Amino acid sequence: MNGLYDELRIAVHAVWTRRWLALAVAWGIAVVGWFVVAQIPSSYESRARVFVQMQSILPSKIGITQVEQQQDVDRVRQTLTSAINLQKVVRGTDLANTVSTDRDIADRVAGLQKAIKVTAQQDNLFEITATGSSPKVVRQIVQKLIDIFVEENLAGDRDETSQTLRFLDAQLEQRQKQLQDAEAKKTDFQNRYLGSLPGTGSLTDRMGAARTQMAQVDSDLAAAQSSLAAVTGQMAGTPQNVAGVGGGPTAGPARARLAAIQGQIAEARGRGFTDNHPDMVALRGQLAAAQAAARNEPVIGGGAGSASNPLYLSLRSMQAEKQSQVAALTMRKKQLQADLDTINSKLAGDPAVAAEQGQIERNYAVLKDQYDKMLADREDIKLRGQAQTQTDAIKFSVIDPPTSPRVPNAPNRPLLLTGALIAAICGGIGAAFAMGQLQTTFATSGRLERATGMPVIGSIGEMVTAAQIATRRRKLMYFGGGAAALAVAYVALLGVEMVSRGMAA
C-alpha cells in the first residue's frame, strides 16, 4: 500500500514539475476541440402528426371501398417527398431566398429528400419529420408538407376525376357519331330490303318468329278442330225437338233438369274436358240422379205437339262458335304461310341480304352496348367524384401541429464543449506524465536506489532563497491564471451557445 502511495506521489511530482507543458497541451487540445465543435452545424427538428379519417357510409353505397381510399392515401404518402413536391416546398418557404438558379433548387431538393421522413403509424396516423439548420425553416417545411398532403389527396381526386370524365365525354361523342351512322345504315337497309316484308328485326328473326307463330296456330287449330268434332258428335245424338206444349204432354221439372244437365255435359265436352275431369265426374253423378227422377215423373197433358230441344240449340250455337274459330285459325295459318313464302323467296332471290343485315345488326348491337356501358361508367365516375370531393370522403386532422424547436437536437454542443475541456485536461496531464517517463529523473532516493542497484546513503534538501520563492510564487500565479483562463473560456463558450440558441428560436 505504501509502495502504491509512493508511486502516486512520484507521478504527481512528475506532472507538477512539467505543469507548463501540461497547461500548453491542455490549451492546444481545448482550442482545437472547441473549434471543431463550433464548426458542427446545429440541426433542428420539427415534427407534426396528421390523422386521416375515412368516411364509410356514403362512399360504400356508391362502390368506393375503404381499401381504395387507403390506397389513395398511401400513394400520396409515398410520393410526398418526390422532386416535384419538394420543389413546391422550396418555393413556398424561406428556402426560396437562398436559391437563384435551377441548380440551387435541385441541390435544395436533394438535401430535403434526406432531411424529411414520413412515417405511417397505427390507425391512419402519419408523422412528418424535418431536420435543418434553422428552426423557423424546418417548421415551415413541415407545414408546407401538410398542406401538400391534404392538397394532393383532394386536388388529386378532382384532377383524376376530371381527366377521366373528359376522356369518357370524348369517347361518348365518338361512339354517338358511330351509333348514328349505324342507325342510319340500318334504317336505309330496312327501307330498301325489308320494308315490304312482314315482321320486325332481321330476316332470320322474322322467319323464326313466323315459324313460332305457325307452330302455335297449328296447335290451336288442331284443338279447335277436335272441339268442333266433339260438338258435332254430340249434336248427332241429340234430337232437335222434344215433346212440349200445344195439346201434347208437357215435361215436368225433373225432365227439364235432366235436359239442363245434359246441356252442361255437352258444353264441358265441347271445351275439351275428359271424363276424368272433376267437373265431368260431378255432372255425371247429377245426370244419373236426374235420369232416375225423370223416369218416375208422370207426363202432364196430352195430345200431339213438340218444341225445340234447348240442348240441341246450345250445341248448335257452340258448333257455330267452333266453326268460326277454326276458320279464323285457318286464315291465320294461310297468312303465316304466305309470310314464310315471301321471306324464303327474298332469301332465295338475294342470299347476301341476310348476311349484310346480320353484319349491320351486329355492328349496331356492339356500338349500342359500348355506348350504354360508357354512359353508365361516366355517371358512376361523376357520382364517385362528387362523393369524394363534396362529402369529405377523406378528412384530415392535424393532431400535433408542427413544433417550433428551441434547442437543436444535434449536436449537444454543451456536452461536446465539456468533453473537449476534459479531454484537454487529460491530454495535458498525460503529456506531462509521458515527458516525465521519457526524461531520467528520480524524485526519491528509493527510486534512485532501485534504478542503479547501489545503496543511497542519504539526500540533501533544496535550499531556496527569498528571491527564488518570490519568482516561484509569481510563476504559480501565472500558471493559475492560465488554468483559470481555460475555465473562463469554457464558461464563455457555454454562454455564447445559450445566447445563439435564444436568437435562433
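For clarity, every value in this text was computed on a predicted model and none was experimentally measured.

Draft legend 1. Layout of the overall build of the chain. The helix and strand tally for the chain stands at 15 helices and eight strands. Across the chain, the fraction of contacts at a sequence separation of at least 24, relative to all contacts at a separation of at least 6, is 84%. For the chain, the accessible surface area stands at approximately 30300 Å², while carbon and sulfur atoms represent 57% of it.

Draft legend 2. Seen up close, the nonpolar core. Ranked by size, the top nonpolar core spans 24 residues in total, and within it Leu 80, Val 89, Leu 112, Ile 116, Ile 141 and Leu 145 carry the most contacts. If one sorts the elements of this core by residue count, helix 7 (residues 135–194) sits on top with seven residues. Those residues in contact with Leu 112 that lie beyond four places of it in its chain are Leu 86, Val 89, Val 90, Leu 95 and Ile 141. Counting residues in each nonpolar core, the second largest holds eleven residues, with Ala 26, Ala 30, Leu 417 and Leu 486 among its members.

Draft legend 3. Focus on the pattern of salt bridges. A complete count under the given rule lists eight salt bridges for this structure. Among the ionic pairs, Arg 47 bridges to Glu 45, the shortest N-O distance being 2.8 Å. According to the relative accessible area criterion, Arg 47 is partly exposed, its value standing at 35%. A salt bridge links Asp 107 to Arg 103; its shortest N-O distance comes to 3.6 Å. Of this pair, Asp 107 and Arg 103 are both found in helix 6 (residues 102–115), four residues apart, which corresponds to roughly one turn of the helix.

Draft legend 4. Up close: the packing of helix 5 (residues 83–92) against helix 6. Here helix 5 crosses helix 6 at 110 degrees, and the two axes come no closer than 9 Å. By the angle between their directions, the pair helix 5 and helix 6 is classed as roughly perpendicular. Contact residues: Ala 83, Leu 86, Gln 87, Val 89, Val 90 and Arg 91 in helix 5; Ile 105, Arg 108, Val 109, Leu 112 and Gln 113 in helix 6. When the residues that make up the contact of helix 5 with helix 6 are grouped by side-chain class, the tally is seven nonpolar, two polar and two charged.

Draft legend 5. Just the environment of Gly 419, in detail. Take Gly 419: it is sitting in helix 13 (residues 413–438). Note on Gly 419: relative accessible area 34%, which makes it partly exposed. Here the alpha-carbon distance between Gly 419 and Gly 33, two residues 386 residues apart in the chain, equals 8.7 Å.

Draft legend 6. Expanded view of the packing of aromatic side chains. Under the criterion given, the structure shown has two aromatic pairs. A centroid spacing of 5.8 Å and a plane angle of 80 degrees characterise the contact between Trp 16 and Phe 479, whose relative ring orientation is edge-to-face. With Trp 16 in helix 1 (residues 2–17) and Phe 479 in helix 15 (residues 466–504), the pair connects residues that are 463 residues apart, well separated along the chain. On the basis of relative accessible area, Phe 479 is assigned to the buried category, the value being 17%. Centre to centre, the rings of Trp 20 and Phe 479 are 5.7 Å apart; their planes meet at 80 degrees, and the pair counts as edge-to-face. Residue Trp 20 is located in helix 2 (residues 19–39), and its partner Phe 479 is located in helix 15; the two are separated by 459 residues in the primary sequence. A relative accessible area of 40% means that Trp 20 is categorised as partly exposed. Taken together through their ring pairs, the aromatic side chains of Trp 16, Trp 20 and Phe 479 make up a single cluster. Above the face of the Trp 16 ring, Arg 19 is positioned so that its terminal group lies 4.2 Å from the ring centre.

Draft legend 7. How the structure looks around the pairing of strand 3 (residues 125–132). Burial runs high along strand 3: seven of the eight residues are buried. Pairing of strand 2 (residues 116–121) with strand 3, which is carried by six bridges, proceeds in the antiparallel orientation. Note that in strand 3 the partner of Ile 116 across the bridge is Ala 130.

Draft legend 8. Broad picture of a nonpolar patch on the surface. A grouping of Trp 20, Met 477 and Tyr 478 is seen on the molecular surface, where their side chains present a nonpolar patch of about 390 Å² in accessible area. Secondary-structure assignment places Tyr 478 in helix 15.

Draft legend 9. Representation of the side chain of Arg 175 within the structure. Relative to the helices and strands, Arg 175 resides in helix 7. In contact with Arg 175, not counting residues within four places along its chain, are Gln 370, Tyr 371 and Met 374.

Draft legend 10. Local environment of the confidence of the model for the chain. Confidence along the chain averages 75 in pLDDT terms, with 70% of residues attaining 70 or more. Of all secondary-structure elements in the chain, the lowest mean pLDDT belongs to helix 3 (residues 58–61), at 45, while helix 2 reaches the highest, 90. Residue range residues 56–66 is modelled with pLDDT below 50. Its contacts to residues more than four positions away, or to other chains, number 16 contacts. Contacts from residues 245–250, a stretch scored under 50 in pLDDT, to residues over four places away or in other chains number 23 contacts.

Draft legend 11. Representation of the environment of Leu 311. Structurally, Leu 311 is set in helix 11 (residues 310–349). Taking relative accessible area as the criterion, Leu 311 reaches 8% and is therefore assigned buried. Sequence separation between Leu 311 and Ala 260 is 51 residues; the distance between their C-alpha atoms is 7.2 Å. The residues touching Leu 311, leaving out its near neighbours within four places in the chain, are Thr 238, Ala 259, Gln 262, Gly 263 and Ala 266.

Draft legend 12. Broad picture of the environment of Ala 282. Relative to the assigned elements, Ala 282 resides in helix 10 (residues 278–296). Since its relative accessible area comes to 40%, Ala 282 is described here as partly exposed.

Draft legend 13. Focus on the packing of helix 2 against helix 13. It is at 7 Å that the axes of helix 2 and helix 13 come closest, and there the two elements cross at 155 degrees. Put simply, helix 2 runs roughly antiparallel to helix 13. Between helix 2 and helix 13 the crossing geometry is right-handed. Here the contact of helix 2 with helix 13 is composed, by residue class, of 20 nonpolar, three polar and one charged.

Conventions we followed
Residues numbered from 1 in each chain as written. Predicted model: local features only at pLDDT ≥ 70, side-chain atom pairs only at ≥ 80, totals over all residues. Heavy atoms only, no water. Helix = DSSP H or I, 4+ residues; strand = E, 2+ residues; numbered from the N terminus. Contact = heavy atoms within 4.5 Å. Areas by Shrake-Rupley, 256 points an atom, 1.4 Å probe, with all protein chains shown as cover. Core = buried A, V, L, I, M, F, W, Y, C linked by side-chain atoms within 4.5 Å. Buried < 20%, exposed > 50% of the residue type's maximum accessible area, 1.4 Å probe, protein only. Salt bridge = Lys/Arg side-chain N within 4 Å of Asp/Glu carboxyl O. Axes fitted to C-alpha atoms, helices over the stretch in contact; angles between N-to-C directions. Parallel < 35°, antiparallel > 145°, perpendicular 65-115°, else oblique. Nonpolar A, V, L, I, M, F, W, Y, C, P; charged D, E, K, R; others polar. Phe/Tyr/Trp six-rings, centres within 6.5 Å; stacked < 30°, edge-to-face > 60°. Lys NZ or Arg CZ within 6 Å of the ring centre and 35° of its normal. Pairing = 2+ DSSP bridges. Patch = residues over 30% accessible without salt bridge, like charges linked within 9 Å, V, L, I, M, F, W, Y side chains within 5 Å. pLDDT = per-residue confidence, 0-100. Left-handed = near helix turned anticlockwise from the far one by under 90°.

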